[in-house]
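Residues per chain, in single letters:
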Amino acid sequence: MAATMLPAVLPEDAVALDLPVQGAAPGRRAGAGLDGWTVEDVDRHERLTAMREGRLGSVHSWELVTAVDGPGTRLTTFLSGCPLQCLYCHNPDTLAMKDGKPVTSDELLARIARYTGVFRATGGGITLSGGEVLMQPAFAARILRGAKELGIHTAIDTSGYLGAAASDALLDDVDLVLLDVKSGDPDTYTKVTGRELEPTLAFGRRLAERAGGPEIWVRFVLVPGLTDDAENIELVARYAASLNEIRPGAVSRVEVLPFHQMGRDKWEALGRTYELADAPPPTPESTERVRAQFRAHGLVTY
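Residues numbered from 1 in each chain as written. Predicted model: local features only at pLDDT ≥ 70, side-chain atom pairs only at ≥ 80, totals over all residues. Heavy atoms only, no water.

Undergrad: Can you help me understand the sheet that holds strand β6 (residues 176-180) in this one?
TA: By definition, the strands of a sheet pair up through backbone hydrogen bonds, in either a parallel or an antiparallel sense. Taking strand neighbours across the sheet as the criterion, the eight strands line up as β3-β1-β2-β4-β5-β6-β7-β8 in an open arrangement whose pairing is mixed. The two strands at the open ends of the sheet, each matched to only one other strand, are β3 (101-104) and β8 (251-258). Neighbour-to-neighbour, the strand axes of this sheet turn through a mean angle of 30°, independent of strand direction. Relative to β3, strand β1 (residues 56-66) runs antiparallel, the two being bridged by four bridges. Across the sheet, serine 58 pairs through a bridge with proline 102, a residue of β3. Helix α8 (residues 230-246) contacts β6, β7 (215-222) and β8 of the sheet and is inclined by roughly 180° relative to β7. This element, helix α10 (residues 284-295), spans β7 and β8 of the sheet and lies at about 160° to β8. (Pairing = 2+ DSSP bridges. Helix = DSSP H or I, 4+ residues; strand = E, 2+ residues; numbered from the N terminus. Axes fitted to C-alpha atoms, helices over the stretch in contact; angles between N-to-C directions. Contact = heavy atoms within 4.5 Å.)

Here's what the structure looks like:
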């Protein structure tokens, strides 16, 4: 996917998109952390109250990316906290909500507003990711509502496991859902994540059942020896196709993402055992075979 050209003038703290980060995936740039952001210093009771109301969120980092996390140039914000324990997680430093920094919804929305011109010029917008964005549904809802009031395209990147936490009002403000379907086989899903598959499937069906609902991009990480079984892939493909039977065009694309080792150093830095340390990336040939398996179900696949 080709990078989108940006306007010449960006906010002073914009990530330089023309400078590749060693080891980064194509199109992705390094997270900018929270340098320059107003980080709130509040006591525990006040913090919990503000988080329940969505006025405060636990934020890990942000980045400005092109051709990743949705169309155009995106300001992707990584929220802290995730209920899954994915073996291949490349952001293990976002798993614990307590490790994020408290940032107000007003602060984040003010940051988003500064990039409105970039979004309009590139057909981009914002993406809330993680961790798991639906660990903080009230905060996410405030950000999404504020972004829509600014006329900005919105996306959430989610496993769908906590889909029941997403209110209808929240989903009304979502233009695109990046739905990470980690496996089609329940046993494999549990091996990968430590959790059950059905909540993800139910959330996808709920999205498809919404008249005028959000566009869905299904994402599937291909890990040799873990998720690459042909029947497992067939189950994911059938599921994605079934969403289009519910609402034609609901799933506009599938992304088969080859496993990589770029998160390995983070696991080691956290003192955690990385079980996939010896797992190889899939070959280009095997990746293309999997993509063909999805395409056989009429799915536009990358």
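Next comes the rest of the account.
Undergrad: Even after reading the chapter, I still don't get the packing of helix α2 (residues 105-113) against helix α4 (residues 137-149), so can you show me in this structure?
TA: The angle between the axes and the distance between the axes are what describe a pair of packed helices. Relative orientation of the contacting elements α2 and α4 amounts to 35°, with a least axis distance of 10 Å. In the packing of α2 onto α4, the handedness of the crossing is right-handed. Across the interface between the two elements, Ser105, Leu108, Leu109 and Ile112 of α2 pack against Phe139, Arg142, Ile143, Gly146 and Ala147 of α4. Class assignment for the residues of the contact of α2 with α4 results in six nonpolar, two polar and one charged. (Left-handed = near helix turned anticlockwise from the far one by under 90°. Nonpolar A, V, L, I, M, F, W, Y, C, P; charged D, E, K, R; others polar.)

Undergrad: I would appreciate a short explanation of the packing of aromatic side chains in the present structure.
TA: For any pair of aromatic rings, the description rests on two quantities: the centre-to-centre distance and the angle between the ring planes. Tallying each qualifying case throughout the model produces four aromatic pairs. With a centroid separation of 6.1 Å and 50° between ring planes, the pair formed by phenylalanine 220 and phenylalanine 294 is classed as tilted. Taken together, the positions of phenylalanine 220 in strand β7 and phenylalanine 294 in helix α10 put the pair 74 residues apart, joining distant regions of the chain. Aromatic rings pair up to connect Trp62, Tyr115 and Phe119 into one cluster. Residue placement shows arginine 253 over the ring face of tryptophan 217; its charged tip is 4.0 Å from the ring centre. (Phe/Tyr/Trp six-rings, centres within 6.5 Å; stacked < 30°, edge-to-face > 60°. Lys NZ or Arg CZ within 6 Å of the ring centre and 35° of its normal.)

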